[in-house]
Amino acid sequence: MPANNVDIGQKAKSLRIEKKMSVEDVAKASGIPVADIAGIEDHTISPPLGQIIGLAKVFQVTVGEFFGDSADSPFCIVRSEGGKAVPRFGAAGGKSGGYSYESLGYQKQNRQMEPFLVTLTPVSGRQVAPNQHDGEEIIFVLEGQVEVQLAEHTEILNPGDSIYYDSNLPHVVSCHGEAPAKIFAVIYAKKEMIIF
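Because the structure is a prediction, the values reported are computed rather than measured.

## Regarding the overall build of the protein
The helix and strand inventory of the protein stands at five helices and 10 strands. Counting the 196 residues in the protein, one finds 43% classified as buried. Accessible area of the protein: about 10000 Å², with a carbon and sulfur share of 51%.

Rendered as C-alpha cells:
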C-alpha cells in the first residue's frame, strides 16, 4: 500500500481559521516566528516535529490530528510503505529542515507517544534553529550518521546508536556527512501540552 500523504500546512491553516486565530496569535502562543507560521501554511517551510507539537498545543488537538489520524484502534500495524508520509514542502524554493518523516502510529487510539520513521538529508549552508518542547524523545539510528546537538553538547551517532533526552533542552537532530540517514524516533509530549 502506498504511503498516505498528509498536508501539514493546510491542516495548520484550517485549525488556525477554525480557532479564529491570526498568524500573529499563533506565533505568540507557540513561540514560532510569524514568518515560519506563514511558511508552514504556504508550504515553503517544512516544520520540524517540535513545531508540530507546539502547534498542537496551541490548537488543543493531538499531534496525530495533524497527520489525519483515524485513531480508532487499540493497536496499529504499519506495513512496509504504509505509513503516513508528511511532505517536506510543496512549493519550489521551499525550506526543509533536512528531513522527511512518516507517522507510524496513526491508527492507535489514546496514544501517549508519537513514533516516526525519519529520513535526514544533508543540509548545506543553512543554520537549523533548535527545537524545544515539553516531553521526551528517543532516537535510534538505522542508517547513516546523525548529529545531535543538545544545548551546548554535540554527538555524532552511527547505526545502532541511540539517544534519549528531555526535549525541553534546545535540540537539533541532523544528517552528518554527505549521505542521508534514517532514524526511528519516538516523541512523548506531556499530557498538559497535547490533548489526547
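## A closer look at the environment of Gln-10
Along the polypeptide, Gln-10 turns up in helix H1 (residues 8-18). Residues Gln-10 and His-43, 33 residues apart in the sequence, show an inter-C-alpha distance of 8.4 Å.

## Re helix H4 (residues 49-59)
Among the 11 residues of H4, 10 are classified as buried, and the element is accordingly described as predominantly covered. Of all the residues in H4, the buried ones are Leu-49, Gly-50, Gln-51, Ile-52, Ile-53, Gly-54, Leu-55, Ala-56, Val-58 and Phe-59.

## Here we look at the pattern of salt bridges
Pairing between side chains becomes possible if they bear opposite charge and their charged atoms approach one another. For the coordinates displayed, the defined rule picks out two salt bridges. With its nearest N and O atoms 2.6 Å apart, the salt bridge here joins Glu-41 to Arg-16. Taken as a pair, Glu-41 in helix H3 (residues 34-41) and Arg-16 in helix H1 lie far apart in primary sequence, 25 residues in all. Here the two residues Glu-41 and Arg-16 agree in accessibility, since each one is buried.

## Topic: the packing of helix H2 (residues 23-30) against H3
A pair of packed helices can be characterised by two numbers: the angle between their axes and the separation between those axes. Viewed as axis vectors pointing N to C, H2 and H3 meet at an angle of 120°, and their least axial separation amounts to 8 Å. Seen along the crossing, H2 lies across H3 with a hand that is right-handed. Between H2 and H3, the contacting residues are Val-23, Glu-24, Val-26, Ala-27 and Ser-30 on the first element and Val-34, Ile-37, Ala-38 and Glu-41 on the second. When its residues are assigned to classes, the contact of H2 with H3 shows six nonpolar, one polar and two charged.

## Examining the nonpolar core
Formed by 41 residues in total, the largest nonpolar core has its most connected members in Leu-55, Phe-59, Phe-66, Leu-120, Val-146 and Ile-183. Apart from the residues within four sequence positions on either side, Leu-55 is in contact with Ala-12, Val-26, Ile-32, Ile-37, Ile-40 and Phe-66.

## Some points on the environment of Val-186
By the secondary structure assignment, Val-186 is in strand S10 (residues 181-188). A C-alpha to C-alpha distance of 8.8 Å links Val-186 and Leu-117, two positions 69 residues apart in sequence. Non-local contacts of Val-186, meaning those with residues more than four positions away in its chain, are made with Met-113, Glu-114, Pro-115, Glu-136, Glu-137 and Ile-138.

## Some words on the sheet that holds strand S9 (residues 171-175)
One open sheet accounts for three strands, arranged S7-S6-S9; its pairing is antiparallel. Edge positions in the open sheet fall to strand S7 (153-157) and S9, since each of these has one partner strand only. Shown here is a sheet whose adjacent strand axes are inclined to one another by a mean of 15°, direction ignored. Note that strand S6 (residues 146-150) and S9 share five bridges and pair antiparallel. Considered in S9, the bridge of Gln-149 is made with Val-172.

## Observations regarding the pairing of strand S5 (residues 136-143)
By the bridge criterion, five bridges tie S5 to strand S8 (residues 162-166) in an arrangement that is antiparallel. In the strand pairing of S8, Phe-140 is matched with Ser-162. The pairing of S5 with S10 spans seven bridges and is classified as antiparallel. Following the sheet pairing, Glu-136 is matched in S10 by Tyr-188.

## Topic: the confidence of the model for the protein
Here the protein averages 81 in pLDDT, while 82% of its residues score no lower than 70. Segment residues 1-5: pLDDT under 50, and 13 contacts once partners within four positions in sequence are set aside and those in other chains are kept. Here residues 87-95 scores under 50 on pLDDT; set against residues more than four positions off or in separate chains, the count is 22 contacts.

## Describing the side chain of His-171
With respect to the element layout, His-171 can be found in strand S9. At 2.8 Å, the side chain of His-171 and the backbone oxygen of Leu-169 are in polar contact. Those residues in contact with His-171, other than ones at most four positions away along the chain, are Pro-130, Asn-131, Gln-132, His-133, Glu-137, Gln-149, Leu-150 and Tyr-165.

The rules behind the values
Residues numbered from 1 in each chain as written. Predicted model: local features only at pLDDT ≥ 70, side-chain atom pairs only at ≥ 80, totals over all residues. Heavy atoms only, no water. Helix = DSSP H or I, 4+ residues; strand = E, 2+ residues; numbered from the N terminus. Buried < 20%, exposed > 50% of the residue type's maximum accessible area, 1.4 Å probe, protein only. Areas by Shrake-Rupley, 256 points an atom, 1.4 Å probe, with all protein chains shown as cover. Salt bridge = Lys/Arg side-chain N within 4 Å of Asp/Glu carboxyl O. Axes fitted to C-alpha atoms, helices over the stretch in contact; angles between N-to-C directions. Left-handed = near helix turned anticlockwise from the far one by under 90°. Contact = heavy atoms within 4.5 Å. Nonpolar A, V, L, I, M, F, W, Y, C, P; charged D, E, K, R; others polar. Core = buried A, V, L, I, M, F, W, Y, C linked by side-chain atoms within 4.5 Å. Pairing = 2+ DSSP bridges. pLDDT = per-residue confidence, 0-100. Polar contact = N/O pair within 3.5 Å; in protein donor to acceptor, adjacent residues only side chain to side chain.

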